[in-house]
Amino acid sequence: MKPHGKYLLSNLHSNVFAVDGRLSLIRPEFKEELYKYITGIVRNNKQKLIVINGMSDHVHILIGLKPAMALADLVRDIKADSSDFINRKKWVRGRFSWQEGYGAFSYGHSQLDTIIRYIQNQERHHHRRSFKDEYLAWLKKFEIPFEEKYIFEFID
């Protein structure tokens with residue numbers, strides 16, 4: 001395991017999840033507060049959020065996950081608690097929710113700096129490539145077989 005700050009990171013997971021219907025509901029003025037809230041959810045689960053960023057319709061997070069925690073349980077908590085937070089804040093008309101499912105990709109410690117830069121520079125990446133193209137490229141790169149019904153609903 002490689003130390004990162006005061007944490008020993010055993011598993012590095014990059015996760016991405018999208019706003020239901022791929023609506024652009026995460027407004028720039030709310031991003032910082034939302035990301036701090038999500039960071040708190042991860043910390044309360046005794047995990048390490050390394051970096052978080054996204055666009056108005058999706059969020060990327062890189063987590064150092066300790067082996068005792070199932071990634072699915074952590075992502076479930078993040079999505080449920082952050083949805084409740086956004087709804088309590090009344091940042092959107094109607095009811096906010098995340099789309100069902102998420103993408104999870106594992107990385108080695110030698111890739112840490114590269115994936116941190118990638119997540120930090122989301123706006124620049126999406127000027128060149130759509131989220132759909134990017135996500136499908138990840139699936140191909142990681143040689144992940146998939147069925148259309150299990151990937152994000154892409155609204156063109």
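Thresholds applied
- Residues numbered from 1 in each chain as written.
- Predicted model: local features only at pLDDT ≥ 70, side-chain atom pairs only at ≥ 80, totals over all residues.
- Heavy atoms only, no water.
- Helix = DSSP H or I, 4+ residues; strand = E, 2+ residues; numbered from the N terminus.
- Polar contact = N/O pair within 3.5 Å; in protein donor to acceptor, adjacent residues only side chain to side chain.
- Contact = heavy atoms within 4.5 Å.
- Buried < 20%, exposed > 50% of the residue type's maximum accessible area, 1.4 Å probe, protein only.
- Pairing = 2+ DSSP bridges.
- Axes fitted to C-alpha atoms, helices over the stretch in contact; angles between N-to-C directions.
- Salt bridge = Lys/Arg side-chain N within 4 Å of Asp/Glu carboxyl O.

Draft legend 1. Structural context of the side chain of Lys 31. Note on placement: Lys 31 falls in helix 1 (residues 28-44). Looking at Lys 31, its side chain comes within polar contact range of the main-chain oxygen of Gly 54, at 3.1 Å. What Lys 31 contacts, discounting residues up to four positions off in sequence, is Ile 26, Asn 53, Gly 54 and Glu 123.

Draft legend 2. Summary view of the pairing of strand 4 (residues 48-55). Of all eight residues in strand 4, six are buried; the element is thus mostly enclosed. As defined by bridge partners, strand 4 adjoins strand 5 (residues 58-65) across seven bridges and the pair is classed as antiparallel. Within strand 5, the position partnered with Lys 48 by the bridge is Gly 64. Between strand 4 and strand 5, which pair antiparallel in sequence order, lie two residues.

Draft legend 3. Main features of the sheet that holds strand 3 (residues 11-18). Pairing in this open sheet of four strands is antiparallel, and the strands run 4-5-3-6 from one edge to the other. Each edge of the open sheet is held by one strand with a lone partner, namely strand 4 and strand 6 (103-107). Direction aside, the axes of adjacent strands within the sheet are offset by 15 degrees on average. Strand direction decides the pairing type here: strand 3 and strand 6, joined by five bridges, are antiparallel. Bridge pairing in strand 6 places Asn 15 opposite Ala 104. Lying on the sheet, helix 1 is in contact with strand 4 and strand 5; it crosses strand 4 at an angle near 150 degrees.

Draft legend 4. How the structure looks around the pattern of salt bridges. All chains considered together, the criterion is met by six salt bridges. Among the salt bridges present, the one from Glu 33 reaches Lys 89, with a minimum N-O distance of 2.8 Å. A residue pair is termed long-range when its members are at least 10 positions apart, and Glu 33 in helix 1 and Lys 89 in helix 2 (residues 71-89) qualify at 56 residues. Classification of Glu 33 by relative accessible area gives partly exposed; the value is 33%. Of the charged contacts, one joins Asp 73 and Arg 76 as a salt bridge, the two residues approaching to 3.1 Å between their closest N and O atoms. Pair noted here: Asp 73 and Arg 76 are both in helix 2, with a separation of three residues, about one helical turn. Three or more residues are tied together by salt bridges with common partners; here these are Asp 73, Arg 76 and Asp 77.

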